[in-house]
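Descriptive structure summary
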Amino acid sequence: MSEKRRWPWPAGTSGRILVIAGAAVGAAVVLYVIAVLVAGPGIARGTSVRGVEIGGMSNEEAVAALDDAFATSESATILVHSARKEFPVKPAEAGLSLNAEATVEQAAARTLNPVALLTNFFTKRTLEPVVDIDQDSLDAQVDAIATVMDRPAVEPTVEMKGLQPVRVAGQAGRAIDPAAASAALVEAFAAGDTEVTINPSSTEPKVSDDALAQAQAQARQAVSAPVTVQAQTVTARLTKRAIARALGFTEQDGQLTPVLDGAVLHRALATQLAPIEVPGRDATFVIRDGAPVIVPSKVGSGVSDAELSGAVAGVIDLNPPDRTVTVSVGVREPALTTEQAQSLGVTSRLSTFTQNFPYAAYRKQNIGQAARRVNGAIVMPGETFSMNDTIKERTEANGYTVGFVIGQGGIFAQELGGGVSTATTATWTAAFYAGMEPEQVIAHSIYISRYKPGLEATVAWGIFDMKFKNPYSDAVYIQASATSTSITVSFWGTPVYSEIKAEFGPRRDIKPFKTIYDQSTTCLGQGGMEGFTIDVDRVFFKDGVEVKRQTITTKYKPSPEVICGKEKKPKPGTSFKPSPSASASPSPSATGRRPAATKSPSATPGAGDGAPSVTR
């Protein structure tokens, strides 16, 4: 039988091991007791929320501390950057607030687990704030940003230039993602950020090149021959040019569908139809002794615009002799009856604004033409007013002439319709003080000194518009008139607010302008203007008490100074001084050229007729 061998422990060793083990256990117990005592009865030490230390506090103390700390954040401003625009957002108004109770509940309850106690003792823990969201308020804030930022894609189309159908290129639009924008605002508030960027994405037109080519072919066929219109005893001839003026296209599911304007067709036949028609009249308003008065409607008889356009549309794809239609003669109801006008609530003046401008023949014609088209417009409740739709395309046929516009890089050029931005500015400013809701309002890219900074607007046919919506439950009537040096626009309706004011902030982020020397024969000298950013608050009052405030932020680019001619470099040791004649305000000569302007920081575009100042 084999003998078992044992390790020969030295005498007394087992006792020492027991002593060491006991000491280790004792030390652990001491550390555990210390950890328990240090941890205390409240939230674990080292716990914080966005820099606010709540470790060691009771839940109630932590909630109070967080409420105090976040009160300032909820009333502070988050500056939203989007496509070179800025939108100040107050978290409380956007429906964002801290849920302090839910935030504190994330902290682990007090534990006696030794591992957890020691971990908490040596580490710090940061809790994410729990944010309460009023979804309706947040959606409203995002919608307000989208209203300014979103720009629908412009569909390519076909327009008639005389009898020739011409393709008009489309343009990509942009749109912010509402869900992503909401998440960005919530995240910025939770993180305590004062700025956030929300980038819009591009939206492409739906109409393809094939669809455009098909529409162009349809347009050629539509104006290939006249259309004969038979109405009672009258046989009228609708000319090719009349058809061309009435022809347009609308996008439907990526296709361009031809449409005819019945009113345009009817006007073209008015003389021929006169023997069988009795003219009617829509109700409208005139202002007498400072109050709106209804001009009654009148029922007429004749050919319906809708029936005429529908009948002609049915034969424009045919060839003679099949381009003949028969239409009936009946009652022509006014589009707005006297009774309807009486129910619109047009009773008092909501606002009025006069924009002055230096006299120039093109300004008088173009601004006057725009004023005549704006005058008498009625915007129904919830309806959107479009400046482009109202004043029409700036063509000679529509009564416009060539004038100065802001071209690329802030340099002035000449185009049809120069000056209508003055009418646009007057209309938008009056709409601003009337409380209209902006849908698309684009300021000039550079500041023009005669306008109120941040409270002006411009338009460009086929590129951007000036649109606002009537937010009231009653209609508004727009009155507009122009002189040789001013345009006045007034809004009439039912007052909702006792007063609406504009508060202008200081100019900030000043950008200096550059000087450009132009030796071309088409040079148009101009003074330079600094770029800057400005905030304008629209403040609404009821019975003298502020009830609402909206902030509009506008950024202006610097406008270069343009000097016609070569740059004059001073000789060594000398400084260049312009001659007195060179420092005069530039003005057009008989050839359209301008004398060289001198560098003058105080010169501002639009200060006089010699400094062109308008866009299309």
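Now for a description of the structure that goes with this document. (Residues numbered from 1 in each chain as written. Predicted model: local features only at pLDDT ≥ 70, side-chain atom pairs only at ≥ 80, totals over all residues. Heavy atoms only, no water.)

Details of the packing of helix α12 (residues 361–374) against helix α14 (residues 420–434)
Stated formally: A fitted line through C-alpha atoms represents every axis, and for helices the fit uses only the stretch in contact; the resulting angles, taken between N-to-C directions, go from 0 to 180 degrees. The helix and strand labels rest on DSSP assignments: H or I over at least four residues marks a helix, E over at least two residues marks a strand, and numbering proceeds from the N terminus. Geometric relationships in this document are graded by angle, where less than 35 degrees denotes roughly parallel, more than 145 denotes roughly antiparallel, 65 to 115 denotes roughly perpendicular, and other angles denote oblique. For any helix crossing, the convention is left-handed if the near helix is rotated counterclockwise from the far helix by under a right angle, and right-handed if that rotation is clockwise. Here, two residues are considered to be in contact whenever any of their heavy atoms come within 4.5 Å of each other. Under this grouping Gly is polar, as are all residues other than the nonpolar Ala, Val, Leu, Ile, Met, Phe, Trp, Tyr, Cys and Pro and the charged Asp, Glu, Lys and Arg.
Two numbers describe how α12 lies on α14: the axes approach to 7 Å, and their chain directions differ by 40°. The angle between the axes of α12 and α14 places the two elements in the oblique class. Along this stretch, α12 crosses α14, giving a crossing that reads as right-handed. Residues Asn366, Ile367, Ala370 and Val374 of α12 lie in contact with α14, whose contacting residues are Val420, Thr422, Ala423 and Thr427. Here the residues of the contact of α12 with α14 sort into five nonpolar, three polar and no charged.

Notes on the sheet that holds strand β29 (residues 476–482)
Basically, it comes down to this: In short, DSSP must find at least two bridges between two strands for them to pair.
Pairing in this open sheet of four strands is antiparallel, and the strands run β22-β30-β29-β23 from one edge to the other. The two strands at the open ends of the sheet, each matched to only one other strand, are β22 (348–356) and β23 (378–379). Bridge analysis of β22 against strand β30 (residues 486–493) gives eight bridges, and the strand direction is antiparallel. Bridge pairing in β30 links Arg349 to Trp492. The sheet strands contacting α12 are β29 and β30, and the helix crosses β29 at an angle near 155°. Lying on the sheet, α14 is in contact with β22 and β30; it crosses β22 at an angle near 145°.

Things to note about helix α2 (residues 59–75)
The condition that has to hold: Expected helix span is computed as 1.5 Å times (number of residues minus one). The quantity called bend is, for any residue, the angle between two axes fitted respectively to the seven residues ending at it and the seven beginning at it. Here the term buried applies to any residue with accessible area under 20% of the maximum for its type, exposed to any over 50%, and partly exposed to those in between, with areas from a 1.4 Å probe on protein chains only.
Its 17 residues place the ends of α2 24 Å apart at the C-alpha level, agreeing with the 24 Å of an ideal helix rising 1.5 Å per residue. Bending of α2 peaks at approximately 30° at the position of Ala69. Buried within α2 are the following residues: Ala62, Val63, Leu66, Phe70 and Ser73. The elements touched by buried residues of α2 are β1 (47–49), β2 (52–53), β5 (96–98), α3 (100–105) and α6 (178–191).

Section: the nonpolar core
What counts here: To qualify as a nonpolar core, a set must consist of buried Ala, Val, Leu, Ile, Met, Phe, Trp, Tyr and Cys residues joined through side-chain atoms within 4.5 Å.
Ranked by internal contacts, the top residues of the largest apolar core, which has 39 residues, are Trp428, Met466, Phe468, Ile478 and Phe491. Counting residues per element, the ones that place at least two in this core are β22, α12, α13 (387–391), α14, β29, β30 and β34 (531–542). A total of eight residues in this core trace back to one element, the largest contributor, which is α14. Listed in part, the 36 residues of the second largest apolar core include Leu212, Ala219, Val223 and Leu256.

Some thoughts on the pattern of salt bridges
Test applied: For this analysis, a salt bridge means a side-chain nitrogen from Lys or Arg found within 4 Å of a carboxyl oxygen belonging to Asp or Glu.
Here the structure, examined in full by the defined rule, presents nine salt bridges. Among the ionic pairs, Arg508 bridges to Asp535, the shortest N-O distance being 3.0 Å. Of this pair, Arg508 sits in strand β32 (residues 508–511) while Asp535 sits in strand β34; the two residues are 27 residues apart in sequence, bridging distant segments of the chain. Its relative accessible area of 26% is what places Arg508 among the partly exposed residues. As a salt-bridge pair, Glu546 and Arg549 come within 3.0 Å of each other at their nearest N and O atoms. Residue classification places Glu546 among the partly exposed positions, given a relative accessible area of 39%. Look at Arg549 and you get partly exposed, because its relative accessible area is 34%. By sharing partners, the salt bridges in this structure join Glu503, Asp537, Glu546 and Arg549 into a single network.

A look at helix α9 (residues 262–273)
Cut-off, in case you're wondering: Polar contacts, as counted here, are pairs of nitrogen or oxygen atoms within 3.5 Å of one another; within protein the pair requires one atom able to donate a hydrogen and one able to accept it, and residues that are adjacent in sequence qualify only if both atoms are side-chain atoms.
Its 12 residues place the ends of α9 only 14 Å apart at the C-alpha level, less than the 16 Å of an ideal helix rising 1.5 Å per residue. Taken together, the buried positions of α9 are occupied by Gly262, Val264, Leu265, His266, Leu269 and Leu273. The backbone nitrogen of Ala263 lies 3.0 Å from a side-chain oxygen of the residue at the head of α9, namely Asp261.

Let's talk about the environment of Lys511
One can find Lys511 in strand β32. Judged by its relative accessible area of 44%, Lys511 is partly exposed. Spatially, the C-alpha atom of Lys511 lies 5.5 Å from that of Glu530, the residues being 19 residues apart in sequence. Those residues in contact with Lys511 that sit more than four places away from it in its chain are Glu530, Gly531 and Pro558.

Some remarks on the packing of aromatic side chains
Each aromatic ring pair is specified by the distance between its two centres and by the angle formed by the two planes. We apply this condition: For this analysis, a ring pair means two rings from Phe, Tyr or Trp (six-membered ring only for Trp) whose centres lie within 6.5 Å, classed as stacked if their planes differ by under 30 degrees, edge-to-face if by over 60, and tilted for the remaining angles. Whether a charge sits over a ring depends on NZ of Lys or CZ of Arg being within 6 Å of the ring centre and within 35 degrees of the ring normal.
Across all of its chains, the model carries 10 aromatic pairs by this definition. Their ring planes at 15° and their centres at 4.9 Å tell us that Phe385 and Phe468 sit as a pair that is stacked. Separated by 83 residues along the polypeptide, Phe385 in strand β24 (residues 384–386) and Phe468 in strand β28 (residues 467–469) bring together distant segments of the chain. The two residues Phe385 and Phe468 agree in class, both being buried. Ring centres of Tyr447 and Phe532 lie 5.5 Å apart, and the angle between their planes is 70°; on these two criteria the pair is classed as edge-to-face. Highlighted residues: Tyr447 in the loop between β27 (437–440) and β28 and Phe532 in strand β34, separated in sequence by 85 residues. In this pair, the class of Tyr447 matches that of Phe532, namely buried. Ring pairing ties together the aromatic residues Phe385, Phe468 and Phe491, which thus form one cluster. Its end group placed over the ring of Phe432, Arg538 keeps NZ or CZ at 4.9 Å from the ring centre.

Regarding the packing of α9 against helix α10 (residues 305–313)
In a pair of packed helices, the angle between the axes and the distance between the axes together describe the arrangement. As a packed pair, α9 and α10 sit with axes 8 Å apart at the nearest point and diverge in direction by 95°. The angle between α9 and α10 places the two elements in the roughly perpendicular class. Facing Gly262, Ala263, Leu265, His266 and Leu269 of α9, the residues of α10 in contact are Asp305, Leu308, Ser309 and Val312. Its residues placed into classes, the contact of α9 with α10 shows five nonpolar, three polar and one charged.

Notes on the environment of Val331
You can see Val331 is positioned in strand β21 (residues 330–332). Given a relative accessible area of 57%, Val331 falls into the exposed group. Discounting chain neighbours no more than four positions away, the residues touching Val331 are Val299, Gly300 and Ser301.

Here's the deal with unusual backbone geometry
With an omega dihedral of 10°, the bond running from Pro320 to Pro321 counts as a cis peptide bond. With respect to the helices and strands, Pro321 occurs in the loop between α10 and β20 (324–326). Even without glycine at this site, Gln232 takes up a positive phi of about 50°. The residue Gln232 is located in the loop between β13 (227–231) and β14 (234–238) in this model. Classification of Gln232 by relative accessible area gives exposed; the value is 53%. Positive phi values are uncommon outside glycine, yet Asp509 reaches one of about 50°. Its place among the elements puts Asp509 in strand β32.

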